[in-house]
Each structure stands twice: as C-alpha cells, then as structure tokens.
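One-letter residues, chain by chain:
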Amino acid sequence: MMRAVFLILFLMLPSVAHAAANTSGLPIPRFVSLKSDEVNVRTGPGTRYPIAWVYHRAGMPVEIIEEYDYWRKIRDAEGTTGWVHKNMLAGARNAMIKGKDARVLRIDPEAKAKPMLKAEPMVIGRLLECQPDWCRVQVSGRKGWVEKKYLWGVYAQEVFD
C-alpha cells in the first residue's frame, strides 16, 4: 500500500513542477538584462541554495529559461545556467556582440551601408529595433545597425520596432 502511494506521488511530480514553471505569465524563454553590477547566481531557486558565482556586469543580457516563485533560472551567452531573484533582472532588452571579432555598426541595415562604429566582442548595446536579419542598437550613445547573427540577446526569428 505504501509503495503504491509513493508511486502515485512520484508520478505526480512532473506535473507539479511544470505548473510552477511559469509563475510570471510571461513567455519562456525570453531575454532580459541584469539590473545590478553585483548579481548572485545560485544553484537552486532560493536563498538556502549556495551562491555558485557572482555577475559583475549590469545590463548584460541573459535568457530566462525557467521560473519558480520569485526565482528565475537564467542562461548567459556562454551557456552557463543558474538561479537569480527576479528583482535582480530588468526587462530592458540589451544585446551583446558575440564571437571573437569586432563587428561594424552601420548607418543602414545593409552590408554595404556606411560604417559608423566598430564594436568589440562582449560589448553590450541597447536593442532598439530588429528586422529579419539586422538589429539597431545603441552603443555608447551612438545608434547603428548590426547583423543579428552577431548578437546574443535576441532570437533569430524576432522582429520588433
């Protein structure tokens, strides 16, 4: 009898975990940014879990891949995951230059458009607009277009203005 009760409870666990997976009602996954220059990343969703590392980069884009109560499981550009309190995240959309090479920001969203700024890898810019292949970003007060494939913090199919 006890074994049957345990089995029933065990089989119910996935549905309970799934029900708590989206507590905000917002889409998952989604991109947000770090709100502070010091964000503790924990091994689980709560203060009882140890701090695995600390981010020191306000504005850095991260992807929310799971939610539990006030906690968000995030993934960074390197694929590392961990849990942060929702108050340490901002809805502001930023993107980061990915790869090992600097990328040119251009006046218009086309490869032959006049270059206006060169952004090094890991540079963060505010996302302003995205077309199918290009995004307009603001870096150090200057606005320009960069190919979407060189950005981390925006989905390939995402389009907005």
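Residues numbered from 1 in each chain as written. Predicted model: local features only at pLDDT ≥ 70, side-chain atom pairs only at ≥ 80, totals over all residues. Heavy atoms only, no water.

**What to know about the pattern of salt bridges**
Once their charged atoms are close, side chains differing in charge can pair, the charge on each being opposite to the other. For the structure shown, the criterion picks out 6 salt bridges. For E67, the salt bridge identified is with R72, shortest N-O distance 3.6 Å. The two residues E67 and R72 agree in class, both being buried. Between E158 and R93 there is a salt bridge; the shortest N-O distance is 2.7 Å. In this pair, E158 is assigned in the segment after β14 (151-152) and R93 in the loop between β7 (89-90) and β8 (94-97), connecting sequence segments 65 residues apart. For E158, a relative accessible area of 17% gives the class buried. The class for R93 is buried, based on a relative accessible area of 18%. A cluster of three or more residues bridged by salt bridges with shared partners is formed by R30, E67 and R72. (Salt bridge = Lys/Arg side-chain N within 4 Å of Asp/Glu carboxyl O. Buried < 20%, exposed > 50% of the residue type's maximum accessible area, 1.4 Å probe, protein only. Helix = DSSP H or I, 4+ residues; strand = E, 2+ residues; numbered from the N terminus.)

**Quick word on the packing of aromatic side chains**
Scanning all chains against the criterion turns up 3 aromatic pairs. Note on W53 and Y55: the rings are 6.0 Å apart at their centroids and 85 degrees apart in plane angle, and the pair reads as edge-to-face. Looking at W53, the relative accessible area reads 27%, which means it is partly exposed. Given a relative accessible area of 9%, Y55 falls into the buried group. Feature note: the residues F31, W152 and Y155 constitute an aromatic cluster, connected by ring pairs. When the ring centre of Y150 is taken as reference, the NZ or CZ atom of R103 above it lies at 3.6 Å. (Phe/Tyr/Trp six-rings, centres within 6.5 Å; stacked < 30°, edge-to-face > 60°. Lys NZ or Arg CZ within 6 Å of the ring centre and 35° of its normal.)

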